[in-house]
Amino acid sequence: MSADTHETRDLDQLGPVDYLVVEFPSGASSFTGEMVEELLALVDSGTIRVIDVLILTKDAAGAVEAAELSDVAALGPLQAIETQLAELLAEDDVAHLAAAMEPGSSAGVLIWENLWAAPFASAARRSGGQLIANGRIPIQAIIASIQADDPAGS
Amino acid sequence: MPLRPARRGRVGVIGAPVAKTAVVAAAVTPGRSPVARTAVVAAAVTPGRRRRI
């Protein structure tokens, strides 16, 4: 989907927007390109649209530095995404997002629109529905629920 | 590396400091194997399973 197409889309047709912060503890990162491949597959299939990306580093003293995706020396296939970014995150978002990071770590911040959910959300609005709650169920909560049902674990 | 000027002076969208999400591995306490727990979770989200109320 082109940038022009996105700009002309009615706001009512916008899908829900999510974010995540993926931390890489010091010395634990192992970049093989696999993450990029999977991200691009989601974009190419029209499942998501990447809105913003930042790369954060937090030093041992807790100081945070943010880098744009365009600051990465060899973007490779990510170049296609970089040209479509909307720079949604503001400067004070960086501090808020970095609050979860451990000192000495680096992290990738990803903001995306769930294109797959947009038609359903739009249909719900046209039907008079209003979103009053949403969220994510942690796997830990599912485990706890199952164990509470069946402590023996059969 | 500084942020782009467009990011400065704008109202943010995150709103408040973000708390660290629990790592899934932390929920796997000693006892049953992670593989067994995975199977349990898979069973819990299998189509056709009905809640007991």
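Above this text sits the structure in question.
Residues numbered from 1 in each chain as written. Chains lettered and ligands numbered in written order. Predicted model: local features only at pLDDT ≥ 70, side-chain atom pairs only at ≥ 80, totals over all residues.

*Asks:* Is there a simple way to explain the overall build of chain A in this structure?
*Replies:* Across its full length, chain A carries six helices and four strands. Overall, chain A shows an N-to-C arrangement of helices and strands of α-β-α-β-β-α-α-β-α-α. A compact globule built from 154 residues should have a C-alpha radius of gyration of about 15 Å, whereas chain A, at 19 Å, is more than 25% larger. Referenced to the eigenvectors of the C-alpha coordinate spread, the extents of chain A come out at roughly 55 × 50 × 30 Å. Looking at the 154 residues of chain A, the share that counts as buried comes to 15%. (Helix = DSSP H or I, 4+ residues; strand = E, 2+ residues; numbered from the N terminus. Rg over C-alpha atoms; globule rule 2.2 N^0.38 Å. Buried ≥ 20, exposed ≤ 12 C-beta atoms within 10 Å, placed from the backbone.)

*Asks:* Help me out: how do you make sense of the pairing of strand β4 (residues 106-114) of chain A in this one?
*Replies:* The side chains of a regular strand alternate, first on one face of the sheet and then on the other. All names here are of chain A. One ladder, built from eight bridges, connects strand β1 (residues 17-24) with β4; its direction is antiparallel. Each bridged residue has a counterpart across the sheet, and for Phe24 the counterpart in β4 is Ser106. Bridge count for strand β2 (residues 48-58) against β4 is nine bridges, and the pairing is antiparallel. Each residue of the ladder has a partner; that of Leu54, found in β4, is Val109. (Pairing = 2+ DSSP bridges.)

*Asks:* Help me understand the sheet that holds β2 of chain A, please; the structure alone is not making it clear to me.
*Replies:* Backbone-to-backbone hydrogen bonds join strands into a sheet, with any given pair of strands oriented parallel or antiparallel. All names here are of chain A. Spatially, four strands are ordered β1-β4-β2-β3 in an open sheet, and the strand pairing comes out antiparallel. Edge positions in the sheet fall to β1 and β3 (64-68), since each has one partner strand and no second. When strand polarity is set aside, the average angle formed by the axes of neighbouring strands in this sheet is 25°. Along the sheet face, helix α4 (residues 91-98) touches β1, β2, β3 and β4 and points at about 70° away from the line of β2. (Axes fitted to C-alpha atoms, helices over the stretch in contact; angles between N-to-C directions. Contact = placed C-beta atoms within 7 Å.)

*Asks:* I'm lost on the nonpolar core in this one. Help?
*Replies:* Most often, soluble globular proteins have nonpolar side chains that are buried together. All names here are of chain A. Ranked by size, the top nonpolar core spans 16 residues in total, and within it Leu54, Leu56, Val94, Leu97, Ala98 and Val109 carry the most contacts. The set of elements that each furnish at least two residues to this core consists of β2, α4 and β4. Ranked by residues supplied to this core, first place goes to β2 with five residues. (Core = buried A, V, L, I, M, F, W, Y, C linked by C-beta atoms within 7 Å.)

*Asks:* What exactly am I supposed to notice about the interface of chain A and chain B here?
*Replies:* Note: interface size is frequently given as the accessible area lost on complex formation between the parts. Chain A puts 24 residues into the contact, and the matching count from chain B is 24 residues. Every element with two or more residues in the side of chain A that touches chain B is listed here: β3, α4 and α6 (139-149) of chain A. Of the residues assigned to the side of chain A that touches chain B, the class counts are 14 nonpolar, three polar and seven charged. (Nonpolar A, V, L, I, M, F, W, Y, C, P; charged D, E, K, R; others polar.)

*Asks:* Any chance you could explain the pairing of β3 of chain A here in plain terms?
*Replies:* Residues and elements named next belong to chain A. By the bridge criterion, five bridges tie β2 to β3 in an arrangement that is antiparallel. Bridged to Leu56 within β3 is Ala66. If you look at the hairpin formed by β2 and β3, you'll find five residues sitting between the two strands, and Gly62 has a positive phi there, around 95°.

*Asks:* Honestly, unusual backbone geometry in this entry has me stumped. Any pointers?
*Replies:* When glycine is set aside, most residues are seen to have a negative phi, and most peptide bonds are trans. Residues and elements named next belong to chain A. Unlike most non-glycine residues, Glu87 shows phi in positive territory, near 50°. Structurally, the position occupied by Glu87 is in the loop between α3 (79-82) and α4. Look at Glu87 and you get partly exposed, because 17 C-beta atoms sit within 10 Å.

*Asks:* I tried to follow the environment of Gly104 of chain A on my own but got confused; where do I start?
*Replies:* Residue and element names in this part refer to chain A. With respect to the element layout, Gly104 can be found in the loop between α4 and β4. Assessed through the 14 C-beta atoms surrounding it within 10 Å, Gly104 is described here as partly exposed. The residues touching Gly104, leaving out its near neighbours within four places in the chain, are Ser26, Lys58, Asp59 and Ala60.

*Asks:* Explanation requested: the environment of Thr47 of chain A in the structure shown.
*Replies:* All names here are of chain A. Looking at the secondary structure, you find Thr47 in the loop between α2 (34-44) and β2. Separated by 53 residues in sequence, Thr47 and Ala100 place their C-alpha atoms 27 Å apart. In contact with Thr47, not counting residues within four places along its chain, are Leu42, Leu115 and Trp116.

In short, shape yes, function no, at least from these values alone.
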